[in-house]
Every structure is written in C-alpha cells, then in structure tokens.
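Observations on the model geometry
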Amino acid sequence: MKIIDIINEATAGKECRFAFEMLPPLKGDDISTIYRTIDRLIRFNPAYINVTYHREEVKYVERENGLLEKLSVSKRPGTVAISAAIMARYGVEVVPHLICGGFSKYDTEDALIDLNFLGIHNVLALRGDTLKGEKTFQATPNGHLHAFELVEQIIGMNEGHFIDAEVESISRTDFCVGVAGYPEKHAEAPNPSIDIEYLKKKVDAGADYIVTQMFFDNGRFFDFKERCLKAGINVPIIPGLKPFSTKRQLTMLPPTFHVDIPEELTARVLKCADNKEVRQVGIEWAIRQCEELKAAGIPVLHFYTMGNADNIEKIAEAVF
Ligand code: FAD
C-alpha cells in the first residue's frame, strides 16, 4: 500500500497512527539487532517502518610503499536488503531512504529498479548530508545536487522515462515519494521563506508527503504547517519526533539538527541527576507533544528510534 493512501485513510478515519525509523546495523552486526527492536514495537501496529540510508565515508589506508590509498567505506550498508527483510518478516510497509550523495543518476535508477523488483513502492527522497571534510554538499558526477532533482527522476520513472536511453522495453514504476521538511529551517538555507520555497519545489516535482526534522516545541511545527499552506503546499506533513535521552543532547542536538531546545525542557534536563532521569523527562515530554499533535488531528507520528526501542515503547504505550 502507498504511504500516502495510509495517511489519507488515517486522516479520513480520524485515526492517529504510529510509524518509526530504523538505522541499518553497523557493519559486522547482524539483522537480529533490527528484529529485536521491531519485535518490541510491532504490537503498536505501525503504519510503516522507515529505513535510513548512510552515505559512505572516506578512509585513507597506508599502502606497503608508504603512499596513502583513498577508500570509500560504508559503515551501515544494507538499506534495500533490510527493508525487504522487514517487509517479508512483519508484513508491514517499509520506506527505504534514498539519497543523492554518492549516487549517480544511473546508480539511483538501479536502486529504484531493485526496490521495484522487491515489491517496495515507497521511498523517502533526500539529498543526504555533506560528506565529512567537505564544506558544502557536492553532487556525485552525473548525480543530483538537490533532493527535488531526485524526486523528478523517481517521478520520471513512474512515467516510463529511464536515464539509460538503451532500455528497450520500458515499464513504469509506481513509487510514492516522501521528502524532508524543516520546521526550524534547514541549516544551510539563508532564511525560512526560501527554505519553504525549495520545499515547494520538491512537492511540485511530485512528492506525495513531507516528514519533518525533529522538533521539541509543537508551536514550531504548527507554525511551519501554516507557512507551508500559505506557500501553496497542500500535501500531508508528518511530524518527526525524537525523545530526549541524554544530558549531552542539550549541546549536541542544536548544532547537529538545527533545532532549539525549549527553556522548560532544558531546565528539567539540567535538574536531572543522571541520564536515567533524563530519559524519563524525555519520555514525558514526548508524550505531551504526541497528545497535542493527536488532538490537532495529525494522522501519523513518525519516531526517530536511533536504534533504541525502550523509550519509544513507553511513549507508544501511552499514546496509541
Ligand atoms: P534538499 O531538499 O536538497 O535541501 C538541502 C538544502 O538545499 C536546504 O538548505 C534547501 O533550502 C536548499 N535547496 C533546496 N533546493 C534548492 C535549490 N533549487 N537551490 C538552492 N538551494 C536549494 N540523511 C541521510 O544521509 N540519510 C537518511 O536516511 C536521512 N534521513 C532523513 C530523514 C528525515 C525525515 C529528515 C528530515 C532528514 C534525513 N536526513 C538523512 C538528513 C538530510 O539528508 C539532510 O538534512 C540534508 O542536509 C538535506 O536533505 P534534503 O533532502 O532536505 O535536501
């Protein structure tokens, strides 16, 4: 089923559904680490499960002759395979993330063909972060610089246009496409208005819905929704939520994800004696956020698990 149909069904039925995001295991770990997390969350009947994509990292290895060899290494490979395994095991829709970084248009086409063969017809189209050591995002040769171009390529395949001009018998794909939105502005955008203009470009290119970056103040989300509407963005906007879990996140989350931590949450976290107490504060804060979003008629709440199920499980128990 298409994610947009699931969202529309939930909206029509005035339901609020649970969805969450998984990270592929670190290279060397096996898939049971993924299953252990899902086994704890599956009882909340997730609308779908996202699987993130992790770009390669550049590594320098010293050769015998003393020269350095530049290697490209992926620490969390397997997004497509893990998505297919989750779908087969749990019978739940999956949304693999697809990024521009590291992909030529041909690589993207091949990845989408693999997904299509596997019966996966939902993707989240992203640009991906800047490679470590690079100041600004660089497109891969013959790749995409912005996520809207990736959306255009996917929608092109839905219309039967393939990059490889030698493809003879062309059949169409049928992907539902989600994209990312930033209630508190993307870090690189010069101002919030232009960020929304660029977001509209992704929607105009054919994106079916938007999933947001995490936020801890619902006011930022409601304000973002309103600004999107004013800009002519009419697709559903799904809030992305991450429960606060360590004291260190007070200084780590703002620069990494370009989000503010509300004063009340900061004060409560600072009063905690240890991270066990912080986790409890994070759970209570997220439950409060969820209840308000639910009351506002939001059809799906998307959780960033960061591979950790225990706090998400407690929140889901209280909310769904
Ligand atoms: P874009 O939409 O291309 O925007 C990037 C920047 O370029 C913005 O500042 C935007 O304003 C600007 N821009 C857009 N279009 C134009 C234009 N035409 N001209 C000039 N400027 C423009 N990263 C991963 O690597 N893997 C993941 O699995 C992953 N999952 C994510 C899931 C969600 C829900 C979210 C919110 C983010 C995720 N990210 C992931 C992070 C994301 O890749 C980064 O935030 C990245 O920096 C931007 O991606 P984007 O798709 O929003 O890019």
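Above this text sits the structure in question.
Computed from a predicted structure; not experimentally measured.

Taken together, the side chains of Asp107, Asp110, Asp114, Asp164 and Glu166 present a region of like negative charge at the surface. Take Asp110: it is sitting in helix H4 (residues 105-117).

On to the site of the ligand, then. Around the ligand there are 23 residues in total, and Tyr53, Tyr182, His186, Asp195 and Lys202 lie nearest to it. Separating an oxygen atom of the ligand from a side-chain N or O atom of His97 is a distance of 2.8 Å. At a separation of 2.9 Å, an oxygen atom of the ligand approaches a polar backbone atom of Ala147. Starting from 980 Å² of accessible surface for the ligand in isolation, the protein chains cover 88%. Tallying contributions element by element places helix H6 (residues 192-204) first for the shell around the ligand, with three residues. Taken together, the residues that form the shell around the ligand break down as 12 nonpolar, six polar and five charged.

Taken as a whole and judged by the stated rule, the model has 14 salt bridges. Ionic pairing is found between Glu264 and Arg288, a salt bridge with its closest N-O pair at 3.2 Å. You can see Glu264 sitting in helix H9 (residues 263-271) and its partner Arg288 sitting in helix H10 (residues 275-295), a full 24 residues away along the chain. Looking at Glu264, the relative accessible area reads 41%, which means it is partly exposed. For the salt bridge of Asp310 with Arg279, the shortest nitrogen-to-oxygen distance reads 2.8 Å.

Let's shift gears to the pairing of strand E9 (residues 237-241). Of all five residues that make up E9, five are buried, and the element is covered over most of its length. Both faces of E9 are covered, namely the face carrying Ile237, Pro239 and Leu241 and the face carrying Ile238 and Gly240. For strand E8 (residues 209-214) and E9, the ladder comprises three bridges, and the chain directions are parallel. Bridge pairing in E9 places Val211 opposite Ile238. In this region the chain leaves E8, passes through helix H7 (residues 218-230) and returns to the parallel neighbour E9; the handedness of that crossover is right-handed. The pairing of E9 with strand E10 (residues 300-304) spans two bridges and is classified as parallel. Paired with Gly240 across the two strands is His302, which belongs to E10.

This part takes up the sheet that holds E8. In any sheet, the strands associate via hydrogen bonds between backbone groups, in a parallel or an antiparallel arrangement. Strand order around the closed barrel formed by eight strands is E1-E2-E5-E6-E7-E8-E9-E10, with parallel pairing between neighbours. Sheet twist, expressed as the average angle between the axes of neighbouring strands with direction ignored, equals 30°. Across four bridges, strand E6 (residues 122-126) lies against strand E7 (residues 176-181) in parallel orientation. Along E7, the bridge assignment pairs Val123 with Val177. On top of the sheet, helix H2 (residues 32-41) reaches strand E1 (17-22) and strand E2 (49-51); it is set at about 170° to E1, its chief contact.

For the rest of this paragraph, the subject is the nonpolar core. Of all hydrophobic cores here, the largest spans 81 residues; its most connected members are Ile86, Ile154, Tyr209, Leu301 and Phe303. Residue contacts for Ile86: discarding those within four places in its chain leaves Ile34, Ile38, Ile49, Val51, Gly91, Val92 and Val94. The next biggest cluster of nonpolar side chains, apart from the first, holds 14 residues, and it includes Phe244, Leu265, Val269 and Tyr304.

The rules we used
- Residues numbered from 1 in each chain as written.
- Predicted model: local features only at pLDDT ≥ 70, side-chain atom pairs only at ≥ 80, totals over all residues.
- Heavy atoms only, no water.
- Patch = residues over 30% accessible without salt bridge, like charges linked within 9 Å, V, L, I, M, F, W, Y side chains within 5 Å.
- Areas by Shrake-Rupley, 256 points an atom, 1.4 Å probe, with all protein chains shown as cover.
- Salt bridge = Lys/Arg side-chain N within 4 Å of Asp/Glu carboxyl O.
- Lys, Arg positive; Asp, Glu negative; His and termini not counted.
- Charge placed at Lys NZ, Arg CZ, Asp CG, Glu CD.
- Helix = DSSP H or I, 4+ residues; strand = E, 2+ residues; numbered from the N terminus.
- Near = heavy atom within 4 Å.
- Polar contact = N/O pair within 3.5 Å; in protein donor to acceptor, adjacent residues only side chain to side chain.
- Nonpolar A, V, L, I, M, F, W, Y, C, P; charged D, E, K, R; others polar.
- Buried < 20%, exposed > 50% of the residue type's maximum accessible area, 1.4 Å probe, protein only.
- Pairing = 2+ DSSP bridges.
- Right-handed = clockwise from strand over helix to strand, strands pointing away.
- Axes fitted to C-alpha atoms, helices over the stretch in contact; angles between N-to-C directions.
- Contact = heavy atoms within 4.5 Å.
- Core = buried A, V, L, I, M, F, W, Y, C linked by side-chain atoms within 4.5 Å.

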